[in-house]
Amino acid sequence: MDIAAADLPPDRIYKLLVNTVMPRPIALVSTLNADGSVNAAPFSFFNVFSNAPPLLVIGVEGNKRNDGKPHKDTGRNIAARGEFVVNLVSHAIVEKMVACAVDFPEGTSELAEVGFTARPSKQIATPGIADSPVSFECRVFSNQALPFNRSLVAGEIIHLHIRDDLIDEKMHVDVDGLDLVGRMHGTGWYTTTRDRFQADRMTLDEWKARKGK
Ligand SMILES: Cc1cc2nc3c(=O)[nH]c(=O)nc-3n(C[C@H](O)[C@H](O)[C@H](O)COP(=O)(O)O)c2cc1C
């Protein structure tokens, strides 16, 4: 089927995108509310973008409550403070991550609601989530408010936290131990990262040898 994107309303395109682009990594983003309490919300329009500088990107949608405020709490807090923490999501914390997406009233601390533990950050005021195996302290690199109630947030990773038992002195990460999950199709489907295979990149010579040239 050929589909011109312009022929579809946004909710249809959303469905086609989230049911095809998967699995998507999940950023559980912690931010500071105006009163200093800690907000947390998951975002799967998310990925790492570059390593020099180390950037990640997040698409923050407008506020469903449609109360004239342009952003979700996360978007407002990021705009106000210029910093946030991305906490990656392991299988062990999926249920709490999902609970963080409840449309709590503005100013609610999801951390307190769902029982996550805050971990003080090293370089920014916003705490991370200690229950997450990996957290990235980020400063806003750019925050582009798009004309359709969405923001494209690029964060520069300025500090990494990787749980001590998941990384050794040689900086080898125990990817099994991370046990990260990804977001799949529909409203509530996820996948683990347990089913893997290897497909090594080749040099040109290796490619030629394989082709018998
Ligand atoms: C797994 C998952 C991924 C999500 N991804 C996004 C996303 O990429 N962008 C977005 O705007 N909302 C996303 N949401 C919805 C927000 O997490 C939800 O609206 C949340 O309540 C926002 O909280 P806040 O107002 O505290 O920022 C996602 C929800 C879940 C459960």
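A quick note: this is a predicted structure, and the numbers were derived from the prediction, not measured.

Before going further, it helps to examine the pattern of salt bridges. A complete count under the given rule lists five salt bridges for this structure. Residue D73 pairs with R76 through a salt bridge whose shortest N-O separation is 2.6 Å. Taken together, the positions of D73 and R76, both in helix 2 (residues 73–81) and three residues apart, correspond to about one turn of that helix. Between D179 and R194 there is a salt bridge, with its nearest N and O atoms 2.7 Å apart.

A word on the site of the ligand. Taken together, 17 residues are adjacent to the ligand, and P42, F45, E61, K72 and T74 come closest. Coverage of the ligand by the protein chains reaches 89% of its 650 Å² of free accessible surface. For the shell around the ligand, the element with the most residues is strand 3 (residues 38–43), which contributes four residues.

Mapped onto the elements, S30 comes out in strand 2 (residues 27–32). Judged by its relative accessible area of 0%, S30 is buried. Within polar-contact distance, the side chain of S30 engages the backbone oxygen of P127 at 2.9 Å. Discounting chain neighbours no more than four positions away, the residues touching S30 are V38, N39, A40, F84, V85, N87, T126, P127, G128 and I129.

Of all six residues in strand 6 (residues 83–88), six are buried, a share of seventy percent or more. Side chains E83, V85 and N87 project from strand 6 onto one buried face, and the interleaved F84, V86 and L88 project onto a second face that is buried too. Pairing of strand 2 with strand 6 involves four bridges; the strand directions are antiparallel. The partner of A27 across the bridge, within strand 6, is L88. Pairing of strand 6 with strand 9 (residues 134–146), which is carried by five bridges, proceeds in the antiparallel orientation. The partner of V86 across the bridge, within strand 9, is F136.

Pairing is antiparallel across the open sheet formed by three strands, whose spatial order is 1-11-12. Two strands close off the open sheet at either side, each with one partner strand: strand 1 (24–25) and strand 12 (190–192). Summarising the sheet, strand 1 and strand 11 (residues 181–183) pair through two bridges and their orientation is antiparallel. Across the sheet, residue R24 finds its bridge partner in strand 11, namely R183.

So, how was this worked out
- Each chain has its residues counted from 1, following the order in which its sequence is written.
- With pLDDT at 70 or above as the cut-off, local features in this predicted model cover only qualifying residues; side-chain atom pairs require 80 or more to be listed or tallied, and sums for whole chains, interfaces and linings still use all residues.
- Hydrogens and water are ignored here; the side-chain numbers use all heavy atoms of the structure.
- Each salt bridge in this description consists of a side-chain nitrogen of Lys or Arg and a carboxyl oxygen of Asp or Glu lying within 4 Å of one another.
- Each helix corresponds to a stretch of at least 4 residues labelled H or I by DSSP, and each strand to a stretch of at least 2 residues labelled E; elements are numbered beginning at the N terminus.
- Residues are classed as near a molecule or strand on a simple rule: at least one heavy atom within 4 Å of it.
- Only the protein chains shown count as cover for residues, and the accessible areas themselves come from Shrake-Rupley with a 1.4 Å probe.
- Relative accessible area decides the class of each residue, using a 1.4 Å probe on protein chains only: under 20% of the type maximum gives buried, over 50% gives exposed, and in between gives partly exposed.
- Residues adjacent in sequence count toward polar contacts only when both atoms are side-chain atoms; beyond that, a polar contact is any pair of N or O atoms within 3.5 Å, and within protein one must be able to donate a hydrogen and the other to accept it.
- Note on contacts: a residue pair qualifies if any of its non-hydrogen atoms lie within 4.5 Å across the two residues.
- Strands pair, by our definition, only if DSSP identifies at least two bridges between them.

These figures capture arrangement, not role.
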